[in-house]
Amino acid sequence: MKAVLSYLFLRKFAFVVLLLPMLIFIPYKGVSVPPFLNSDILNGSNDNFLLTADTSRNSLSFSNFEVDFKGKITVTEDDRDIWEISSGGFLIIGRKNFGESKRVEIRGNLDGSLTRRYYEGRKKLKFEPEGREWLEEVLLEVLRTTGIDAKARVDRLYQRGKVTAVLHEVSYIPEIGVKTQYLDYLLNKTEMSDPELSHITEVISTSIDTDTRRAYLLEKHSGIFMRNEHRAKAYFNCLFGIGSDYERKRVLNHLLKEYKFNTEVFRELLASIQRLASSKEKVETLIKVNNIFIDEAESCEGYFRILDGMNSDKDRAYVMRNLLERNQYLGGECMKRYLKSARRINSDSEKYQVLKEVIPAFNVDPQFVLAFFDVIISFGNDVEQGNLLKDLLMKRKLDVFAQSQLFEVISQMSSDGGKVNSLFLAIKKIKVTNQTLESFYDAVNSISNSSRKAEVMIHLVQTTKLEEPHKVEYFRSLQQMSSNKEKLKVLMKTAEVIEDEDLKSIEGYLQTVIAISGNSEQSAALRELASKVRLNKSALIAFLDVSLLIASNTEKAEVLLKVSNMIPKGDKDVEYAYKKVVRSINSDHEYRRVIEYLEANGTFL
């Protein structure tokens, strides 16, 4: 018994297995198969946008019609009859209307002839004349709905009335898929004018209401529109009408990959990118545009207008850095527009990264230099400003104008620390000249903290050794310091580099001592000068004149003792100046201390 049941089960299972492929792969007559499900349609590999290959069977239902067809079907020029069907192919048109049904079957034979049958209800009638008359009545609607023989129809219509005739026919076609098919064939014509192509894009925008199909047509036939700006404008206006950012971006990406645009078409492309709603897609598209960027004033303006309209500093900076990576040496006008856009970035860190990419292209054009440093001034803190100035000083050699602008930027930095760090490197990398002297010391004098300023002054004097043109401005700057202690600290280091015959530096040194208000600091500065520099006659007299100004008897005595061995014997002028200082001591103790020292050392009396 078990064996019998197993046998029966296996027979039923085998029957289902054999029947299943037939149920799946043989379409049932009258079942509507959505044409867009065809994979050939999706990837655009089939000339028949709506239909499958000639060997496939198609079944459609519409307006009480049921249509089955297979193979290559050719209609007559008047669209009223079937001229030819490939061998094994067929066309079956059925219609039910108020309970009455009619059906025409036409099949292609091996010898090229056609077999025609006509039915009303279940009754087979002669094809002539009733069947032919009914076929003539319904065939045009079938052609417009199914896309049968679409290419040949488009060719005939185009031959009769060019683009206008084809588009007129498209206006009567109810199915979007078939409209797309007709427009697809029409756009394969290569001799159309700019106005005709513009008209076609208008029809695509108004008659094709699915973004995917519009994108299909625009992508497939993009080449014919990229030939001049008039066609491109119509093309991109059509592209604007695509609501899906994904589809619009897909078409744009195709364009960027396949074409090298002229300037006018490139401008229209930028206008289309401006219309993208998603910042992310703008970024992705602009990154691709950077590979084909056209360095021209109007194009640059359009490009950076897109960037300026983006909300994310990070996105803007990313695109701008990538632009210079791909196009390092932009023209003057475009680079200035680049810098203008960079200045509008709010984030200092992102702005720094953008401006850092400009440094390799830094040039001597005054307008560029002004724009570059204007961006640096716009930073909100000194850290990125200082880092950027460091990068610039390390990588580029600046001319006089750029040096002056750099010093001006340093003057406007908000912290003394940032100023000091930048000036340290500038002193190392730049040789200050008469042309940059004023701006340099403006930067130095802008340091408000005496201790930090003293650091710069000491670094400056040790680096330059008081070479021209520093001799005068250096001491003027030093005299402006408010702290006596810091003035003395700088003077002590300055004395180490003054040459014996450098009267200008000695004079500046002594003038700075006068500017010190503390007696002990004045005395210490003078003694340091006397110990480091061999003063000649005029310098000695000037030295003694300054010593006379010290109010403290003790400090004045210390200076006189230090310089006593430098007084040349027999030089009446120097001796007179020295004795004048000695006589100015009001303390008997300090006076005797000086006289006794002079006697003990055999120095002049």
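Residues numbered from 1 in each chain as written. Predicted model: local features only at pLDDT ≥ 70, side-chain atom pairs only at ≥ 80, totals over all residues. Heavy atoms only, no water.

Draft legend 1. Representation of the state of the cysteines in the model. Within this structure, the stated rule accounts for one disulfide. A sulfur-sulfur distance of 2.0 Å marks the disulfide that ties Cys300 to Cys334. Taking the sign of the torsion about the S-S bond as the criterion, the disulfide between Cys300 and Cys334, at about -100°, is left-handed. Of the two residues, Cys300 is situated in helix α13 (residues 297–308) and Cys334 in helix α15 (residues 332–343); the sequence distance between them amounts to 34 residues. You'll find Cys300 and Cys334 in the same group, each marked buried. (Disulfide = S-S within 2.5 Å. Helix = DSSP H or I, 4+ residues; strand = E, 2+ residues; numbered from the N terminus. Buried < 20%, exposed > 50% of the residue type's maximum accessible area, 1.4 Å probe, protein only.)

Draft legend 2. Spotlight on the pairing of strand β5 (residues 90–97). The sheet contact formed by strand β2 (residues 65–70) and β5 spans six bridges and is antiparallel. Note on β5: the bridge partner recorded for Lys70 is Phe90. In this sheet, strand β6 (residues 100–108) lies alongside β5 in antiparallel orientation, the contact comprising eight bridges. Residue pairing for β6: Phe90 is matched across the bridge by Arg107. Where β5 hands over to β6, the hairpin turn is made up of two residues, of which Phe98 adopts a positive phi near 55°. (Pairing = 2+ DSSP bridges.)

Draft legend 3. Local environment of helix α14 (residues 313–326). Compared with an ideal rise of 1.5 Å per residue, which puts 14 residues at 20 Å, α14 spans 20 Å between its outermost C-alpha atoms and is within 8% of the ideal. Along α14, the positions that sit buried rather than exposed are Asp313, Arg316, Ala317, Val319, Met320, Arg321, Asn322, Leu323 and Leu324. Buried residues belonging to α14 abut α12 (279–289), α13, α15 and α16 (348–358). (Expected span 1.5 Å × (residues − 1). Contact = heavy atoms within 4.5 Å.)

Draft legend 4. Expanded view of unusual backbone geometry. With an omega of 0°, the peptide bond between Glu128 and Pro129 qualifies as cis. Its place among the elements puts Pro129 in helix α3 (residues 127–146). The peptide bond linking Glu468 to Pro469 adopts the cis configuration, its omega dihedral lying at 10°. Mapped onto the elements, Pro469 comes out in the loop between α22 (450–464) and α23 (470–479). In this model, Lys162 sits at a positive phi of 60°, which is unusual for a non-glycine residue. Position of Lys162 among the secondary structure elements: in helix α4 (residues 150–170). Phi is positive for Leu466, close to 55°, though the residue is something other than glycine. Mapped onto the secondary structure, Leu466 falls in the loop between α22 and α23.

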